Amino acid sequence: MNHPYLDPAFLVSWSRLTPEAIKPDITEAISRAKENIRAICDQPLDSLTYESTFGALEKASEDLHLGWGRIMHLDSVNDEPAQREAIGEMLPEVVAFSSSVPLNPRLWTVLKAAASCDWVKDLSPSGSVSSRKRWRISARAGRTCRTT
């Protein structure tokens, strides 16, 4: 199926971004993001890499951010009832997914394990900053999820 809101092309085909495409596109984006998070969670703790943990987490929701960003842009410049209705229908799904990510105990376990790996000290400054920043944000939020 074609998903115009998720099309990564630089030149956006704005005429294809219709209210009818919002639900299938955002549903697909959430499904992809969940699968990406699941892939991070399902890996063995003894074979973690930056790319399979922090890097993968950075990319996990890209489609959702792209699609939802386009929807929010359209809503700000061309508010219409059908679009508003579709956004209202999908907003709880987007919020539920977004809220579930930092509360995922297995994801937290994998990220904690990754943060203690030897390779962390060898990261480039940008990778190191990204992983340390994400770690501090999570720690500041008090997420010490139990894994029982």
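Coordinates for the structure precede this section.
What you see is a predicted model; the values in this text were computed from it and never measured. (Residues numbered from 1 in each chain as written. Predicted model: local features only at pLDDT ≥ 70, side-chain atom pairs only at ≥ 80, totals over all residues. Heavy atoms only, no water.)

Asks: Provide a residue-level description of the overall build of the chain, including the pertinent values.
Replies: Tallying secondary structure elements over the chain gives six helices and zero strands in all. Start at the N end of the chain and walk to the C end: the helices and strands fall as α-α-α-α-α-α. Across the 148 residues of the chain, 38% fall into the buried class. Considering only residue pairs separated by 6 or more positions, the chain has 73% of its internal contacts joining residues 24 or more positions apart. Surface summary for the chain: the accessible area is close to 8,900 Å², and the carbon and sulfur share equals 56%. (Helix = DSSP H or I, 4+ residues; strand = E, 2+ residues; numbered from the N terminus. Buried < 20%, exposed > 50% of the residue type's maximum accessible area, 1.4 Å probe, protein only. Contact = heavy atoms within 4.5 Å. Areas by Shrake-Rupley, 256 points an atom, 1.4 Å probe, with all protein chains shown as cover.)

Asks: Give me the environment of Ser 100: which residues, what numbers.
Replies: By the secondary structure assignment, Ser 100 is in helix H4 (residues 81-100). For Ser 100, a relative accessible area of 36% gives the class partly exposed. Residues Ser 100 and Lys 34, spaced 66 residues apart in sequence, show a C-alpha to C-alpha distance of 9.7 Å.

Asks: Summarise the nonpolar core; cite the residues concerned and give the values.
Replies: Ranked by size, the top nonpolar core spans 36 residues in total, and within it Ile 22, Ile 26, Ile 37 and Leu 107 carry the most contacts. When residues of this core are traced back to their parent elements, those giving at least two are helix H1 (19-41), helix H2 (54-60), helix H3 (62-77), H4 and helix H5 (105-115). In terms of residue count, the dominant contributor to this core is H1 (nine residues). Excluding residues that lie within four positions of it along the chain, Ile 37 makes contacts with Leu 57, Ala 60, Phe 97, Val 101, Asn 104 and Leu 107. (Core = buried A, V, L, I, M, F, W, Y, C linked by side-chain atoms within 4.5 Å.)

Asks: Please set out H4 residue by residue, giving values where relevant.
Replies: An α-helical turn contains 3.6 residues, so a residue and the one three or four places further along point in the same direction. The first and last C-alpha atoms of H4 sit 29 Å apart over 20 residues, in line with the 28 Å expected at 1.5 Å per residue. Of all bends in H4, the biggest is about 35 degrees, found at Met 90, and the proline Pro 92 comes one to four residues later. Listed as buried for H4 are Gln 83, Ala 86, Ile 87, Met 90, Val 94 and Phe 97. Contacts made by the buried residues of H4 are with H1 and H3. (Expected span 1.5 Å × (residues − 1). Bend = angle between axes of the 7 residues up to and from the residue.)

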